[in-house]
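Coordinates in review
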Amino acid sequence: MASGVEMEEDGTENKGSMWVLEQKLDQPMDEEAGRLKNMYREKKFSALLLLRLSFQSLGVVYGDLGTSPLYVFYNTFPHGISDPEDIIGALSLIIYSLTLIPLLKYVFIVCKANDNGQGGTFALYSLLCRHAKIKTLPNQHRTDEELTTYSRRKFHELSFAAKTKRWLEKFASRKNALLILVLVGTCMLIGDGILTPAISVLSAAGGIKVDHPKMSNDIVVVVAVVILIGVFSMQHYGTDKVGWLFAPIVLLWFLLIGGIGIFNVWKYDSSVLKAFSPVYIYRYLRRGGKGGWISLGGIMLSITGTEALFADLAHFPVSAIRLAFTVVVFPCLLSAYSGQAAYLMKNQDHVIDAFYRSIPDAIYWPVFVVATLAAIVASQATISATFSIIKQALALGCFPRVKVVHTSKKFLGQIYSPDINWILMILCIAVTAGFKNQSQIGNAYGTAVVIVMLVTTLLMTLVMLLVWHCHWIIVLIFTTFSLLVECTYFSAVLFKINQGGWVPLVIAAACLVIMYVWHYGTVKRYEFEMHSKVSMAWILGLGPSLGLVRVPGVGLIYTELASGVPHIFSHFITNLPAIHSVVVFVCVKYLPVYTVPEDERFLVKRIGPKNFHMFRCVARYGYKDLHKKDDEFEKKLFDNLFVYIRLESMMEECSDSDEYSLCGGHQKTEQSTDLLLRENNANSVDPTASSVESIIQVISPNHSTVMSSDQISSQTEIDEQEFLTKCMDAGVVHILGNTVVRARRGSNICKRVAINYIYAFLRKICRENSVIFNLPHESLLNVGQIFSV
């Protein structure tokens, strides 16, 4: 049981050194451990539930990919079509892009690299963090690896994977470079969350002008903005309810565009099916020259939404997403693009409104309504993905604290962040109203998508080596083919940076500065607290009363340290003449795992002798976990504390009681104090120290009867539990450090700007820890102090 795990401090003085945990109890049996691990693997779903989830995934995951036919051909040929053969060449590029990237790469390979069902850039990063020591925030320890959800594979020291691991771990600059790569991918995905709603909704609303050519473009923009406000206002209902609402719309959309595509191929020109031959790709690029190469930026929009597919894995199982793509999405998209190409073969001058022009007149307005609704769904896909990836970044210390709400009791991955939601809405409306042109928004969109894909490819290379242990030749083939396709597209979008492609770069740069500065400030603050922590010798020198008045009650002191006494404690007792009868140092830490099981969440230890009544509790969370409300968290914390006291007493009963005697009590006390003064660098707590302290508290010097060890231990356990209960009844106070971080004098200009201005501003506007931890204001105490880093 995790509650009975005892923790010892690490006396090493290395920069960023971490605490040492040692389990005092027997390890669980192999059979039991195996059963626990199987609980957290992806469940095998029944056929009916799999169909239901596949149906729901259409409404959340595939809206973005499914609405691409609205604008692909227009963005590919913004200046018109000069040769009918170009249409077949463009269709051939679309067909093979859809086959190679979404189908083969993402659905069948990248989705397999999920972290227990979690997708996205940070899920890949968390996988890598478990297989190599590359996490830049030094708050991990080897005991965390014993969690049942901390799954990883081992490899031979002479293998290529081991060499790659050592190469990554050797220098801090390589770890930072990998972190920046992950942050770049994350920032571009956030850019997708802004640009997707803008281009999808604006393209759908543009169908009004096809039937009313004299209508002003400003009216279309106003309609798009109204729709966008409605989309973002619905987010608080959660993706479970939104999925049920949107899934029928998207299914109807795919069936409509697939059916219309087949009809157009039959009606206009079935020769476009020649595009399934890759020969036409070569002819298209050779004939088009630089113009053909630049048009690849438009072709690439046919695979937008693929990265959202991976990031939205947290909402649905991989098997459901694969089934929906292969059965519904892929064939309907191929039919839709083939039908548009067939229509354009006969109507080349209609390329601007190719989608709406190709719709049969009899069903034009029904399709327009469904298209508008599908564009709303497309927005949902990237908005949901943005929420998921920001939650992961938040848990791994790479994003300022924002409110996260879990919207489904069944599926923990379905979340909503009101702060992020309204920021996305404002930026999305600004892009829509600012450009008023889907061509420029398309250029911006393509830039963001291709950069995210490149980041995923590079991270997948490391995952295949360190996690899957693939042979380097297989890794080389995957990386080469992926980079060949994606770099080709990347070179094409570079030509469009001055035509709107700069937008995601600006958005990503702003997000990157925010995320990296926040992470940098967090690491520096943690390192400062590690090196300014109070020594155990100082605490012991204060005596049992800590040199102060011990008032009734329990003081929960929140700290980021999982070892040592934090500087906030010495600052508190130096300025106030009293401290609570029971003191518990609480550390809430996030690990690079998707979840921490409830029975393994808390680690408890005692600090100093028993009569000090000081404890430490480490609460461990995964990036998918939600920190529960205060009363629930507090109850579980004290339950684990009581269990720890009972287990500690049982352990003492197992010790050799014959060596203890009343006469030797003083000598043993000195020995235990000496051990504690050395800051408990041993691998386990000395049971002698705890037992002797208990004997001294129970036996009066004037008492003439010597109690047995079992009686003393049992009586001590009862007394301490009663004492703790009385203190809890007297009241629980939550003590938080309200720290101000400043750059040291003499720091370079970059560090001063980052810490004194950007980081300070972010801490000021983001949510306070008291809000994140749901702490009641009536029992909250903030202790202010200034850190120089």
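Because the structure is a prediction, the values reported are computed rather than measured.

1. A short note on the overall build of the protein chain
Along the protein chain, the regular secondary structure elements total 29 helices and 10 strands. Per-residue burial for the protein chain yields a buried fraction of 59% across its 789 residues. Residue pairs in contact within the protein chain that sit at least 24 positions apart in sequence constitute 84% of those at least 6 positions apart. Accessible area for the protein chain stands at about 32,100 Å²; split by element, carbon and sulfur atoms hold 61% of it.

2. Considering a nonpolar patch on the surface
A cluster of nonpolar residues, F160, W472, I473, L476, I477 and F481, forms a patch on the protein surface that exposes about 640 Å² of accessible area. In terms of residues, the nonpolar patch owes the most to one element, helix α20 (residues 472-494), which gives five residues. Since its relative accessible area comes to 57%, F481 is described here as exposed.

3. Points about the packing of helix α6 (residues 121-131) against helix α8 (residues 172-205)
Two elements in contact, α6 and α8, have axes separated by 9 Å at closest approach and are oriented at 160 degrees. One element, α6, and the other, α8, form an angle in the roughly antiparallel class. Facing α6, whose interface residues are T121, F122 and Y125, α8 presents L178, L179, V182, L183, G185 and T186.

4. Observations regarding the side chain of S358
Here S358 is to be found in the loop between α16 (354-357) and α17 (364-395). With a relative accessible area of 4%, S358 lands in the buried category. A distance of 3.1 Å separates the side chain of S358 from the backbone oxygen of A354, its partner in a polar contact. When sequence neighbours within four positions are dropped, the list of residues in contact with S358 reads I260, N264, Q340 and Y343.

5. Digging into the nonpolar core
The biggest cluster of nonpolar side chains holds 168 residues, and the ones touching the most others in it are Y62, F73, F122 and F254. A per-element tally of this core places helix α15 (residues 318-346) first, with 18 residues. Grouped together as the second largest cluster of nonpolar side chains are 25 residues, L556, Y558, L724 and L780 included.

6. Comments concerning the pairing of strand β8 (residues 614-621)
By the criterion of burial, β8 is predominantly enclosed, with eight of the eight residues buried. Residues M614, R616, V618 and R620 line one face of β8 and the alternating positions F615, C617, A619 and Y621 line the opposite face, and both faces are buried. The pairing of strand β6 (residues 578-590) with β8 spans eight bridges and is parallel. Within β8, the residue paired with K589 across the bridge is R620. Here six bridges tie strand β7 (residues 602-607) to β8, and the two strands are oriented antiparallel to one another. Looking at the pairing, I607 lines up with M614 of β8.

7. Re the confidence of the model for the protein chain
Of the residues in the protein chain, 77% have a pLDDT of 70 or more, and the chain-wide mean is 75. In this model, residues 1-42 is a region of pLDDT below 50 whose contacts with residues beyond four sequence positions or in other chains number 109 contacts. When the criterion is pLDDT under 50, residues 655-713 qualifies, and its contacts beyond four places in sequence or with other chains add up to 66 contacts.

8. Quick look at the pattern of salt bridges
Taken as a whole and assessed by the stated rule, the structure comprises seven salt bridges. For R287, the salt bridge goes to D83, with nearest N and O atoms at 3.7 Å. Taken together, the residues R287 in helix α12 (residues 279-294) and D83 in the loop between α4 (72-76) and α5 (84-107) connect sequence positions 204 residues apart. Of the charged contacts in the structure, one is a salt bridge between E169 and K165, with a shortest N-O distance of 3.0 Å. One end of the pair is E169 and the other is K165, both in helix α7 (residues 160-170) and four residues apart, which spans about a single turn. The class of E169 is partly exposed, set by a relative accessible area of 22%. Here the salt bridges do not stand alone but share partners, grouping D83, D86 and R287 into one network.

9. Quick look at the environment of F232
Mapped onto the elements of the fold, F232 is located in helix α10 (residues 217-233). Taking the C-alpha atoms as reference, F232 lies 6.6 Å from N421; in sequence the two are 189 residues apart. The residues touching F232, leaving out its near neighbours within four places in the chain, are P197, I383, N421, W422, L424, M425 and C428.

10. Quick look at helix α18 (residues 418-435)
Here α18 is 18 residues long and its end C-alpha atoms lie 26 Å apart, about the 26 Å a rise of 1.5 Å per residue gives. Along α18, the residues classified as buried are P418, I420, N421, L424, M425, C428, I429, V431, T432 and F435. Seen along its axis, α18 keeps its buried residues to an arc of 160 degrees; they face one direction. Opposite the packed face of α18, turned more than 90 degrees from it, sit the exposed residues I426 and G434.

11. Let's talk about the packing of α10 against α18
Between α10 and α18, the least distance of the axes is 10 Å, while the angle of their chain directions is 170 degrees. Classified by the interaxial angle, the pair formed by α10 and α18 is roughly antiparallel. Contacts from V221, A224, V225, L228, I229, F232 and S233 in α10 reach N421, W422, L424, M425, C428, I429, T432 and A433 in α18.

12. Considering the packing of aromatic side chains
Counted according to the given criterion, the structure contains 16 aromatic pairs. A ring pair is formed by Y356 and F368, whose centres lie 6.0 Å apart and whose planes are at 50 degrees; its orientation type is tilted. Of this pair, Y356 sits in helix α16 while F368 sits in helix α17; the two residues are 12 residues apart in sequence, bridging distant segments of the chain. Comparing Y356 with F368 shows no difference in burial state: the two are buried. Aromatic side chains Y364 and W365 sit 5.2 Å apart centroid to centroid with 90 degrees between the ring planes, which places their arrangement in the edge-to-face category. Given the relative accessible area of 36%, W365 is considered partly exposed. A cation over an aromatic ring shows up here: K112 above the ring of W468, its NZ or CZ 5.5 Å from the ring centre. Between R283 and the ring centre of Y280, over which it is positioned, the NZ or CZ distance is 5.0 Å.

The rules behind each value
- Residues numbered from 1 in each chain as written.
- Predicted model: local features only at pLDDT ≥ 70, side-chain atom pairs only at ≥ 80, totals over all residues.
- Heavy atoms only, no water.
- Helix = DSSP H or I, 4+ residues; strand = E, 2+ residues; numbered from the N terminus.
- Buried < 20%, exposed > 50% of the residue type's maximum accessible area, 1.4 Å probe, protein only.
- Contact = heavy atoms within 4.5 Å.
- Areas by Shrake-Rupley, 256 points an atom, 1.4 Å probe, with all protein chains shown as cover.
- Patch = residues over 30% accessible without salt bridge, like charges linked within 9 Å, V, L, I, M, F, W, Y side chains within 5 Å.
- Salt bridge = Lys/Arg side-chain N within 4 Å of Asp/Glu carboxyl O.
- Axes fitted to C-alpha atoms, helices over the stretch in contact; angles between N-to-C directions.
- Parallel < 35°, antiparallel > 145°, perpendicular 65-115°, else oblique.
- Polar contact = N/O pair within 3.5 Å; in protein donor to acceptor, adjacent residues only side chain to side chain.
- Core = buried A, V, L, I, M, F, W, Y, C linked by side-chain atoms within 4.5 Å.
- Pairing = 2+ DSSP bridges.
- pLDDT = per-residue confidence, 0-100.
- Expected span 1.5 Å × (residues − 1).
- Arc of directions from axis to C-beta.
- Phe/Tyr/Trp six-rings, centres within 6.5 Å; stacked < 30°, edge-to-face > 60°.
- Lys NZ or Arg CZ within 6 Å of the ring centre and 35° of its normal.

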